[in-house]
Amino acid sequence: MTPVANIEEKTAELEDRFRAANPASAAYFEKGREAMAGPAKGAFYYPPFPLVMERGEDCYLYDVEGRRYVDCANHHTTLILGHNHPAVVKAIADQLSRGVALGAPAGVEAEACIELCSRVASLDRVRYCNSGTEATLHAIRLARGFSGRGKIAKFEGGYHGSHDAVEISVAPPLDKAGPADAPNSVPTAGGMSPYAGQDVVMLPYDNEAAVEKILTANRDDLACVIFDPKAGTMAQRPEFVRFVRGVTRKLDLLLIFDEIVGFRVGRGGLQEYYGIDPDLTTYGKVVGGGMPAGAFGGRADIMDLFDPTKEPPGFFQSGSFSASPLVMVAGLATMQQLTPEAFDHLNGLGERLKEGLDRVFANAGVGGQALVLGSLFSIFFADEMPYTYRAMAAADKTLAHPLFHSLLDQGYFLGQTLGMCCLSTAMEEDHVDGLVDAFANGLRYLTD
Ligand code: PMP
């Protein structure tokens, strides 16, 4: 795409406006630094400081200055019903009145797990944990135990949480990443074991021949392939998703399908959408209804390794807060609201958004791509839709931050890179049309 003139000055102008409009959030950020390493968590931060939100209601967030935003991030794609849905609030309040945590089953766990298994054909058994990170950690450990093999394969650019088994080549610098069709395994986060990459075989997205070649060469060492089809965050050909299932089955390798973000496209999630049946699946976000949650499940013969009543004794998986009753009631109440009609409404809004953003890009003459899958969306500045990590890395990144600020200024709260955004069932067509108009305004201001 063509570089935009004066982008630094316009970015500085938008940040100055933001500073002037948000003294209370600025003061809060400075106060926090007395005891926190910057923000309370990495994902909260964007320059010059994050807005402090006082409350959320329906599809809106309200900041400490009293300004209202249409929430198009929904707690990192978690809040599919928007904020404080009455059914979820009631379920949490009822459970709170009976106790926060009881150190014993609270009687809701089976119902929540049965609800999830009833939605997803490949799930015979499921267990809840505290985050998507824990879900992938336990699923991989289970695959290693079941198969008796030590290595795993993952895709370059795939993110599966913060632990050493998976934080390899999430966003590798291109000078370290190796050939596109045989990528290196590069540890991502500072402080990771320098040896962590040795257990991880790297695969390229969108390249059937390379994937088959790499998996065939490493087959005897591999416990599993973990695969996030990056719903709404990077484009995927459905044939490629089905190919990954087919080739893992052909080579007799376990497939762990990461639906931590993707379990919001329909009742049966992404695997129903693509028509595949993984061996194990990991969940998070939506399945906890806004409470801290992860879950993983799949084939009974694998999951039952955790069943203490079965012989031979297998593995132990637990955690002080795993299957917390507050999580289970919030997740169950959320799933119960997710009827076919609710998905029709939500995914219809997604289609309207796609049409609107495509129209804006066509009129603006700026090389841009709107990726929308169901209610998930991301915006890229590239002449073609990116299907691989290398194509994502090549996209222009200079416009996303000032556009994020311009959208905030107009009352729309998105993911800060304009990636991993989403709609909620609390939204109506007007919210989507308003977002499209605000995006057009921001783009016009920045590119004029
Ligand atoms: N897998 C994917 C695809 C994710 O996007 C994320 C987090 N956004 C995770 C795993 C990790 O989940 P959590 O942040 O709940 O640990």
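This structure is a prediction, so every number in the text was calculated from the model and none was measured. Along each chain, the written sequence defines residue order, and numbers are assigned to residues from 1. This being a predicted model, a pLDDT of at least 70 is required before a residue's local features are given, and a value of 80 or more before pairs of side-chain atoms are given or counted; all residues contribute to the totals for chains, interfaces and linings. Just so you know, side-chain values use all the structure's heavy atoms and leave hydrogens and water out.

**Brief notes about the environment of A27**
Our working definition: In DSSP terms, a helix is any run of H or I states spanning at least four residues, a strand is any run of E spanning at least two, and both are numbered starting from the N terminus.
Tracing the sequence through the fold places A27 in helix α2 (residues 23-32). A C-alpha to C-alpha distance of 9.6 Å links A27 and F49, two positions 22 residues apart in sequence.

**A word on the pattern of salt bridges**
Operational definition: By convention in these notes, a salt bridge is any Lys or Arg side-chain nitrogen within 4 Å of a carboxyl oxygen on Asp or Glu.
Under the definition given, this model contains 22 salt bridges. When the shortest N-O distance is used, the salt bridge between D220 and R219 registers 2.9 Å. Across the pair D304 and K310 runs a salt bridge whose closest N-O atoms are separated by 2.8 Å.

**Things to note about the packing of aromatic side chains**
Under the convention used in this document: The criterion for an aromatic pair is that two Phe, Tyr or Trp rings (for Trp, the six-membered ring) have centres within 6.5 Å, with stacked assigned to planes under 30 degrees apart, edge-to-face to planes over 60 apart and tilted to the rest. Buried means the residue's accessible area, taken with a 1.4 Å probe over protein chains only, is under 20% of the maximum for its type, while exposed means over 50%, and partly exposed covers the values in between. For a lysine, the NZ atom is tested; for an arginine, the CZ atom; a charge sits over a ring if that atom is within 6 Å of the ring centre and within 35 degrees of the ring normal.
What the rule picks out here adds up to 16 aromatic pairs. Aromatic side chains F29 and Y45 sit 5.8 Å apart centroid to centroid with 25 degrees between the ring planes, which places their arrangement in the stacked category. Taken together, the positions of F29 in helix α2 and Y45 in the loop between α2 and β1 (53-57) put the pair 16 residues apart, joining distant regions of the chain. Taken together, a centroid distance of 5.5 Å and an interplanar angle of 75 degrees make the contact between F361 and F439 edge-to-face. Taken together, the residues span a long stretch of sequence, with F361 in helix α12 (residues 340-364) and F439 in helix α15 (residues 429-447) at a distance of 78 residues. The exposure classification of F361 matches that of F439, with both residues buried. By the ring-pair criterion, three or more aromatic residues cluster together here, those being F155, Y205, F227, F240, F243 and F257. One Lys or Arg, R55, reaches over the ring of Y62 and ends 4.0 Å from the middle of that ring. Sitting over the ring of Y60, R68 keeps its end group 3.8 Å from the ring centre.

**Side note on the sheet that holds strand β8 (residues 254-258)**
Test applied: A strand pair is defined by DSSP finding two or more bridges across the two strands. Axes here refer to lines fitted to C-alpha atoms; in helices the fit is confined to the stretch in contact. Angles between the N-to-C directions go from 0 to 180 degrees.
The strand order across the open sheet built from 7 strands is β4-β10-β9-β8-β7-β5-β6, with neighbouring strands paired in mixed fashion. With partners counted over all chains shown, the strands left at the sheet margins are β4 (125-129) and β6 (200-203), one partner each. Between one strand axis and the next, the sheet turns by 20 degrees as a mean value, whatever way the strands run. Bridge count between strand β9 (residues 280-284) and strand β10 (residues 294-298): 5 bridges; the pairing is antiparallel. In the strand pairing of β10, G284 is matched with G294.

**Considerations on the nonpolar core**
Which entries qualify depends on this criterion: Side-chain atoms within 4.5 Å are what join buried Ala, Val, Leu, Ile, Met, Phe, Trp, Tyr and Cys residues into a set we call a nonpolar core. For the domains described, the bounds stem from an automatic or database domain assignment. Contacts are residue-level and defined by heavy atoms, with any inter-residue pair within 4.5 Å sufficient.
Among the nonpolar cores identified, the biggest contains 79 residues, and L116, Y128, F377, F381, L414, L418 and F439 are the most heavily contacted of them. Counting contributing residues, this core receives three or more from each of domain 1 (7-80 + 340-447) and domain 2 (86-337). Discounting chain neighbours no more than four positions away, the residues touching Y128 are C113, L116, V287, G294, A295, Q317, S322, A323, V327, M328 and M335. Counting residues in each nonpolar core, the second largest holds 30 residues, with L203, Y205, V241 and C422 among its members.

**Brief notes about the site of the ligand**
The test is simple: What makes a residue near a molecule or strand is one non-hydrogen atom of that residue sitting within 4 Å of it. Pairs of N or O atoms within 3.5 Å make up the polar contacts considered here, provided that, within protein, one atom can donate a hydrogen while the other can accept it, and that residues adjacent in sequence are counted only when both atoms are side-chain atoms. With residues, only the protein chains shown are counted as cover, and all accessible areas are computed by Shrake-Rupley using a 1.4 Å probe.
All residues in the neighbourhood of the ligand are listed as S131, G132, T133, Y159, H160, G161, D228, D258, I260, V261, K285 and M420. A distance of 2.6 Å separates an oxygen atom of the ligand from a polar side-chain atom of T133. In the model, a nitrogen atom of the ligand is placed 3.0 Å from a nitrogen or oxygen of the K285 side chain. Compared with its free state, where it exposes 390 Å², the ligand has 82% of that area covered by protein.

**Observations concerning helix α14 (residues 400-409)**
Two residues of an α-helix separated by three or four positions point the same way, owing to the 3.6 residues in each turn. Within α14, 9 of the 10 residues are buried, which leaves it mostly tucked inside the rest of the structure. Listed in full, the buried residues belonging to α14 are A400, H401, P402, L403, F404, H405, S406, L407 and L408. Contacts from the buried residues of α14 go to α1 (7-21), β3 (68-71), β13 (412-413) and α15.

**A few points about the pairing of strand β2 (residues 60-63)**
In β2, alternate side chains face the same way, and those of Y60 and Y62 on one face and L61 and D63 on the other are all buried. Bridge count for β1 against β2 is 4 bridges, and the pairing is antiparallel. Residue pairing for β2: M53 is matched across the bridge by D63. In sequence, β1 turns back onto β2 through a hairpin of 2 residues, with D58 there showing a positive phi of about 50 degrees. Note: β2 against β3, 3 bridges, orientation antiparallel. In the strand pairing of β3, Y62 is matched with R68.

**Examining the environment of A5**
Turning to its location among the elements, A5 is positioned in the segment before α1. Residue A5 is classed as exposed on the basis of its relative accessible area, which comes to 54%. Distance in space between the C-alpha atoms of A5 and D448 is 8.6 Å, their sequence separation being 443 residues.

**Focus on the domain arrangement of the protein chain**
Put simply, the rule is: Summed over both partners, the accessible area lost on bringing two parts together, with a 1.4 Å probe, is the buried area.
For the protein chain, the domain assignment lists domain 1 (7-80 + 340-447) and domain 2 (86-337). Relative placement of domain 1 and domain 2: their C-alpha centres are 27 Å apart. The interface of domain 1 with domain 2 comprises 27 residues on the first partner and 36 residues on the second. Between domain 1 and domain 2 lies a buried interface of about 2500 Å² when both sides are counted; carbon and sulfur atoms form 65% of it. Considering only the surface of domain 1 that becomes buried against domain 2, Y387, Y389 and R390 emerge as the three largest contributors, covering 31% of it. Taken together, the connections running from domain 1 to domain 2 amount to 1 salt bridge.

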